[in-house]
Amino acid sequence: MVESEYSIAIGNDVNIAAGASNAMGLQSGQIQAGAHLSFAAQNGIAKGNRCVSFINADVSGVDSFGSGFMVDVSGSYASAFGTYLSAPYLSEFVIGRNNEIPLNPTSADATVFNPNNPAFVIGGGPSSSNRYNIFKVSYSGRTDISGTLDVSGASGVTRLLTDVENNQIDLC
């Protein structure tokens, strides 16, 4: 059902709410009121301006993109691709599955730059009830890696092996 101006719905169960404009919904896509120049498809929900949502992604950040099952993108200029992901920070890029959900993100985190917030995250949790990040880089440059880091070069070059789980660092 199209209730907004200058909008297009293609397929079944598309809903473009009154108050949205210049939007496009495809096959069960949902565009909520206030979303302008947005696109939603395959059970995606677009809530923000100029956002894109595919396959059960809930995207409310301005100029943001989400694709995957149970993906939540609330940060402006943020993107997430995968399953059970959350991207609540400004300009955050999240991939993988079941990343950690921040405990207390503020509404300002979605729109105001903070060098301690993540820029890039790879989620690696085995389930939605057991979430963790296997790799995270913040805008300050801090890099957190879970698991083993094996850095090696050509033959005869020193090799660094870091095993975080066993508190082990070796130069080979």
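Everything that follows concerns the structure shown earlier in this document.
My aim in this report is to walk through the structure given alongside it, one point at a time. Each chain carries its own residue numbering, running from 1 in the direction its sequence is written. Totals for whole chains, interfaces and linings use every residue, but because this is a predicted model, local features are given only for residues with pLDDT of at least 70 and side-chain atom pairs only at 80 or more, for both listing and counting. In computing side-chain values, all of the structure's heavy atoms are included and hydrogens and water are not.

1. Re the sheet that holds strand E6 (residues 45–46)
Pairing between the strands of a sheet is mediated by backbone hydrogen bonds and can be parallel or antiparallel.
Okay, so step 1: If DSSP finds at least two bridges between two strands, the strands pair. In this description a helix means any DSSP run of H or I spanning at least four residues, a strand means any run of E spanning at least two, and both kinds are numbered starting from the N terminus. Strand order in the open sheet made by the 6 strands is E2-E4-E6-E8-E10-E12, with parallel pairing throughout. Edge strands, defined here as strands with exactly one partner in the open sheet, are strand E2 (15–16) and strand E12 (86–87).
Okay, so step 2: Pairing of E6 with strand E8 (residues 57–59) involves 2 bridges; the strand directions are parallel. Counterpart to Ala 46 in the pairing with E8 is Val 59.

2. So, the side chain of Ser 4
Okay, so step 1: Locating Ser 4 in the fold gives a position in the segment before strand E1 (8–10).
Okay, so step 2: Classification of residues uses two cut-offs on accessible area relative to the type maximum, computed with a 1.4 Å probe and protein chains only: under 20% is buried, over 50% is exposed, and between them is partly exposed. The buried category is assigned to Ser 4, whose relative accessible area is 14%.
Okay, so step 3: Distance and chemistry together define a polar contact, namely a pair of N or O atoms within 3.5 Å, with one atom able to donate a hydrogen and the other to accept it when in protein, and with adjacent residues in sequence counting only for side-chain atoms on both sides. Of note is the side chain of Ser 4, whose polar atom sits 2.8 Å from the side chain of Ser 7.
Okay, so step 4: In this structure the side chain of Ser 4 is engaged in a polar contact, spanning 3.3 Å, whose partner is the backbone oxygen of Ala 20.
Okay, so step 5: Contacts were defined at the residue level, with two residues in contact if any of their heavy atoms lie within 4.5 Å. Once you skip the residues sitting within four places of it in the chain, Ser 4 turns out to touch Ile 16, Ala 17, Ala 18, Gly 19, Ala 20 and Ser 21.

3. Some details on the pairing of strand E13 (residues 93–97)
Okay, so step 1: For strand E11 (residues 79–83) and E13, the ladder comprises 5 bridges, and the chain directions are parallel. From the neighbouring strand, Thr 83 faces E13, where its bridge partner is Arg 97.
Okay, so step 2: In this sheet, strand E14 (residues 118–124) lies alongside E13 in parallel orientation, the contact comprising 5 bridges. Counted as the bridge partner of Arg 97 is Gly 124 from E14.

4. Focus on the packing of aromatic side chains
Okay, so step 1: In this scheme Phe, Tyr and Trp rings, the latter by its six-membered ring, pair at centre separations within 6.5 Å, and the angle between planes marks the pair as stacked below 30 degrees, edge-to-face above 60, and tilted otherwise. Tallied over the entire structure, the rule returns 8 aromatic pairs.
Okay, so step 2: With a centroid separation of 5.9 Å and an interplanar angle of 15°, the aromatic rings of Phe 93 and Phe 120 are classed as stacked. One end of the pair, Phe 93, is in strand E13; the other, Phe 120, is in strand E14, with 27 residues separating them in the sequence.
Okay, so step 3: With 6.0 Å between their ring centres and 65° between their planes, Phe 120 and Phe 135 make a pair best called edge-to-face. Here Phe 135 lies in strand E15 (residues 133–138) and Phe 120 lies in strand E14, a separation of 15 residues in the sequence.
Okay, so step 4: According to the relative accessible area criterion, Phe 120 is partly exposed, its value standing at 25%.
Okay, so step 5: An aromatic cluster is built from Phe 39, Phe 54, Phe 65, Phe 81, Phe 93, Phe 120 and Phe 135, whose rings are joined through pairwise contacts.

5. Quick notes on the environment of Ser 91
Okay, so step 1: Structurally, the position occupied by Ser 91 is in the loop between E12 and E13.
Okay, so step 2: Taking relative accessible area as the criterion, Ser 91 reaches 28% and is therefore assigned partly exposed.
Okay, so step 3: A sequence separation of 15 residues divides Ser 91 from Ser 76, and the C-alpha atoms of the two residues are 6.2 Å apart.
Okay, so step 4: If we ignore the near neighbours within four places in the chain, the residues touching Ser 91 are Ser 76, Tyr 77, Ala 78, Ala 119 and Tyr 139.

6. Quick word on the pattern of salt bridges
Okay, so step 1: Each salt bridge in this description consists of a side-chain nitrogen of Lys or Arg and a carboxyl oxygen of Asp or Glu lying within 4 Å of one another. Under the defined criterion, the tally for this structure stands at 3 salt bridges.
Okay, so step 2: Across the pair Lys 47 and Asp 58 runs a salt bridge, and its minimum N-O distance is 3.1 Å. Separated by 11 residues along the polypeptide, Lys 47 in the loop between E6 and strand E7 (52–54) and Asp 58 in strand E8 bring together distant segments of the chain.
Okay, so step 3: Residue Arg 50 is joined to Asp 63 by a salt bridge in which the shortest nitrogen-to-oxygen separation is 2.7 Å. On the criterion of sequence distance, the pair formed by Arg 50 in the loop between E6 and E7 and Asp 63 in the loop between E8 and strand E9 (65–69) is long-range, its members being 13 residues apart.

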